[in-house]
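Architecture at a glance
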Amino acid sequence: MIAAAGVAAAALICLDPGHGTPPAIGRQTEPIGPGSHVLKVKDGGGAHGEAAVALAIAKRTRALLLARGFRVAMTRTGPTIDLPDGDGNIARARFCNRRHAALMVRIHADGSSDRSLHGASTLVPAWHRGWTDDIYGRSLLAGRAVQKAVVAATGALDRGIVRRSDLTGFNWANVPAVLVETGFLSNPNDSRLLHTPSYRQRVARGLANGVSAFVGLPR
Ligand SMILES: [Zn+2]
């Protein structure tokens, strides 16, 4: 059989639901970037209930993306992570790198001691020579597209784009990467919403819309 000429393979989107590392492994450390002596815990555990919220939203996002013709890979599909490269954020990045993902979408929820804080933000890699210089521009474009789409789909307060230099999962990524903080689990209203199927679906629709917008941008 001969592959149809001119038909591009569907883009692969890597979904990375945050946390879900067994605590004994999560407390282990790993270098924050290639060649770095700065070590960071593999998984601080996240906000209370975050791992389950992130997974539920990721599964809904996967269904929407598959329906739109994307290919999807997920770093975890169950409550705990189990990757061949190990269980930290380096492993999550490598999982997406190896698949040459068009975009790595890390799905999280925020927590704060200030219970009034609410809304959604999207984190993108800060520019760092040798670590993120290859993915900085595309990640920022993706972050803007995803943040805009999530806010539009959910009506959440737009907390904007945040560049982060300290995230292991960004610094080891060789594919464009964004991390969406879908709301604050420490805020009573955000938390209530993030535990309803209808709001999770709205977040997922926002994520899928943002991915579609980004992948459709000229390269
Ligand atoms: Zn998190």
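Okay, so let's go over this structure. Please read these numbers as outputs of a predicted model, since none were measured by experiment.

All right, on to the packing of helix 2 (residues 50-67) against helix 7 (residues 197-215) then. Helix 7 packs onto helix 2 with a crossing angle of 55° between their chain directions and a minimal axis gap of 8 Å. What the angle tells us is that helix 2 and helix 7 run oblique. Every pair of crossing elements has a handedness; the one defined by helix 2 and helix 7 is right-handed. Residues Val53, Ala56, Ile57, Arg60, Thr61, Leu64 and Leu65 of helix 2 pack against Pro197, Arg200, Gln201, Val203, Ala204, Arg205, Leu207, Ala208 and Val211 of helix 7. Tallied by class, the residues present in the contact of helix 2 with helix 7 amount to 11 nonpolar, two polar and three charged.

Glancing now at the sheet that holds strand 4 (residues 71-74). The six strands lie next to each other as 4-1-5-8-6-7, forming an open sheet whose pairing is mixed. Looking along the sheet, the strands with just one partner apiece sit at the ends: strand 4 and strand 7 (158-164). Strand-to-strand twist across the sheet, computed as the mean angle between neighbouring axes with direction ignored, equals 25°. Packing against the sheet, helix 2 makes contact with strand 1 (12-17), strand 4, strand 5 (103-110) and strand 8 (177-184), and its axis sits at approximately 165° to strand 1.

On to the environment of Lys40. With respect to the helices and strands, the residue Lys40 is situated in strand 3 (residues 39-41). Residue contacts for Lys40: discarding those within four places in its chain leaves Gln28, Thr29, Glu30, Ile32, Asp166, Leu167 and Thr168. A distance of 2.7 Å separates a polar atom in the side chain of Lys40 from the backbone oxygen of Asp166.

Calculation criteria
- Residue indices begin from 1 for each chain and proceed along its sequence in written order.
- Selection of residues for local features in this predicted model requires a pLDDT of at least 70, selection of side-chain atom pairs for listing and counting requires 80 or more, and totals for whole chains, interfaces and linings are taken over all residues.
- For side-chain calculations, the full set of non-hydrogen atoms in the structure is used, while hydrogens and water are omitted.
- An axis is simply a line fitted to the C-alpha atoms; with a helix, the fit covers only the stretch in contact. Between two such axes, the angle follows the N-to-C directions and lies from 0 to 180 degrees.
- Each helix is a run of DSSP H or I of at least 4 residues and each strand a run of E of at least 2, with the numbering of both proceeding from the N terminus.
- Any angle that falls under 35 degrees is termed roughly parallel, while one over 145 is termed roughly antiparallel, one within 65 to 115 roughly perpendicular, and all others oblique.
- The handedness criterion is simple: a crossing whose near helix is rotated anticlockwise from the far helix by less than a right angle is left-handed, and one whose near helix is rotated clockwise is right-handed.
- Contacts are assigned to residue pairs that have any heavy atoms within 4.5 Å of one another.
- Residues are grouped as follows: Ala, Val, Leu, Ile, Met, Phe, Trp, Tyr, Cys and Pro are nonpolar; Asp, Glu, Lys and Arg are charged; every other residue, Gly included, is polar.
- DSSP calls a pair of strands paired once it identifies at least 2 bridges connecting them.
- Throughout this description, a polar contact denotes any pair of N or O atoms lying within 3.5 Å of each other; where both atoms belong to protein, one of them has to be capable of donating a hydrogen while the other can accept it, and for residues adjacent in sequence the pair is counted only when both atoms sit in side chains.

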